[in-house]
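Residues per chain, in single letters:
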Amino acid sequence: MITPAAPSTKLPQTGTTIFAVMSKMAAEHGALNLSQGFPDFPVSEELIGLVEKYMREGRNQYAPLEGTQALREAISAKMQKLYGGRTYDPETEITVTSGATQAIFTAITALVKEEDEVIVFTPAYDCYVPPILLSGGKPVFVELKAPHFRPDWDEVKKRVNRKTKLIIINSPHNPSGTVWTADDMRALEKLVVSTGAYVLSDEVYEHIVFDGAEHQSAARFEALSAHSMIVASFGKTFHATGWKMGYICAPKALMKEFRKVHQYIVYCVNHPMQAALADFLGNEANYTGISSMYQERRDFFIKALEGSKFKLIPSQGTYFQLLNYSEISRKKEVKFAEELTKVHGVASIPVSVFYPQPREQFVLRFCFAKGEETLTAAAEKLKAL
Ligand code: PMP
Ligand code: GLN
């Protein structure tokens with residue numbers, strides 16, 4: 001009998017995602033889990049009722065490959081209402097996906113070939129680089145510099161060349177909470193129009209933008225939208241991260257390539273949830289109040305932290321708050337996050353892991369999508385340090 005050898009890895013630098021590591025550590029040590037980003041409050045009863053209704057009505061077999069007609073139409077209408085700009089044809093330019101993660105993996109796999117370069121801004125959410133590597137592409141990193149984590153367009157221009165196939169952007173930005181301005185998007189537009197690069201715009205936090213700022217979707221900018229694939233997540237928008245539902249919008253020619261891959265990754269996604277989401281999206285009140293709800297939570301958490309030695313780095317969007325701990329400890333971020341979880345009972349995410357080589361800036365990310373009791377208890381523990 002031949003014992004199979006361990007396979008040679010296709011992802012030598014990749015370990016287990018930090019979100020799984022920290023959530024597990026939090027559970028094992030009974031820590032308050034402000035690490036992995038997920039809300040601890042319930043999904044709308046109405047939305048749950050709609051899923052149940054459609055299950056009972058028999059929507060339990062495969063949905064169309066690209067998603068139900070009703071949901072694609074509702075997404076197209078929402079994009080038009082919120083962002084104006086480009087109109088997305090539900091037939092050919094919108095596909096419903098199993099969360100943003102699958103949309104991102106599929107888009108990168110569909111577009112990136114051997115030797116293609118892909119611009120990735122760091123700190124970068126961790127699902128961008130692996131599919132680039134699996135496709136034989138080369139990530140080219142451009143740093144968003146602390147403490148403000150804003151893009152430096154001169155720096156970006158230097159890294160873009162004729163090999164650049166794709167530029168991945170993410171605003172509101174995870175983990176920093178920075179929101180890109182219309183000027184940022186115009187600078188990007190100028191760049192892609194002159195080079196022909198495509199853009200993958202990860203807009204999963206589109207409905208979580210604070211202090212009166214507006215989300216600058218790539219869809220708002222005519223020339224930019226012609227180059228862009230825009231990814232969104234119902235998990236973020238409707239506090240249902242466990243449902244793994246999302247979508248992607250892109251011009252027809254890009255979507256044609258996307259669907260070629262999508263059909264063999266999942267074929268289609270959860271049918272009764274699509275039927276329910278189509279109805280739920282019809283009422284804009286279901287998503288317009290999300291920013292203010294999260295802004296209250298951000299402000300509550302900040303207030304609860306008053307008097308602590310952690311220094312705040314302003315959060316303009318997302319449900320994350322960065323805290324600098326340099327006045328408390330000079331330990332490396334992973335070590336300090338581990339200690340905070342195991343000894344002090346609060347789990348967070350070390351920002352250093354979002355860089356190709358750990359970048360030690362004494363910064364941790366805390367998720368404030370939690371009830372007041374949890375935020376108060378976490379702030380008390382943090383203030384004791
Ligand atoms: N992009 C970013 C920036 C995220 O924070 C997340 C987190 N969930 C995703 C993509 C993935 O979204 P989903 O859960 O819908 O797959
Ligand atoms: N997006 C979530 C975060 O940033 C995690 C999602 C996941 O665990 N894959 O915390």
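Placed above this text is the structure.
Bear in mind that the values here come from a model prediction, so they are computed numbers and not experimental data.

Observations regarding the site of ligand 1
With respect to spatial proximity, 14 residues lie near ligand 1, and among them T101, D202, Y205, K236 and K244 are the closest. In this structure, D202 approaches ligand 1 through a side-chain N or O atom, which is 2.5 Å from a nitrogen atom. The side chain of K236 places a nitrogen or oxygen atom 2.5 Å from a nitrogen atom of ligand 1. Calculation on ligand 1 without its partners gives an accessible area of 390 Å², and the protein chains cover 93% of this total. Judged by the proximity of its atoms to the pocket grid, ligand 1 belongs to the largest pocket.

What to know about the layout of surface pockets
For the largest pocket, the calculated volume is near 1400 Å³. T17, Y125, D126, C127 and V353 are, among the 49 residues lining the largest pocket, the residues nearest its centre. Per-element tally for the lining of the largest pocket: the top contributor is helix α4 (residues 99-111), with five residues. Taken as a whole, the second largest pocket holds about 240 Å³ of empty space. Taken together, L82, Y83, E206, H207, V209, A213, E214, H215, R220, Y287, T288 and S291 form the lining of the second largest pocket. Elements with a minimum of two residues in the lining of the second largest pocket: α3 (69-83) and α12 (285-288).

What to know about empty space enclosed by the protein
Tallied over the entire structure, the rule returns one cavity of 30 Å³ or more. Each pocket or cavity is described by its volume, and for the largest cavity that value is around 70 Å³. Lining the largest cavity are 13 residues, with F121, I168, I169, N170 and H173 sitting closest to its centre. Every element with two or more residues in the lining of the largest cavity is listed here: β3 (117-122) and β5 (164-170). Looking at the lining of the largest cavity, the element that brings in the most residues is β5, giving three residues. Looking at the lining of the largest cavity, its residues break down into ten nonpolar, three polar and no charged.

Reading the values: rules and limits
- Residues numbered from 1 in each chain as written.
- Chains lettered and ligands numbered in written order.
- Predicted model: local features only at pLDDT ≥ 70, side-chain atom pairs only at ≥ 80, totals over all residues.
- Heavy atoms only, no water.
- Near = heavy atom within 4 Å.
- Polar contact = N/O pair within 3.5 Å; in protein donor to acceptor, adjacent residues only side chain to side chain.
- Areas by Shrake-Rupley, 256 points an atom, 1.4 Å probe, with all protein chains shown as cover.
- 1 Å grid on protein atoms, 1.4 Å probe; cavity = no way out; pocket = protein on both sides within 12 Å on 5 of 7 lines; lining within 4 Å.
- Sits in = over half its atoms within 2 Å of the grid points.
- Points joined across faces, edges and corners; volume = space filled by probe spheres on them.
- Helix = DSSP H or I, 4+ residues; strand = E, 2+ residues; numbered from the N terminus.
- Nonpolar A, V, L, I, M, F, W, Y, C, P; charged D, E, K, R; others polar.

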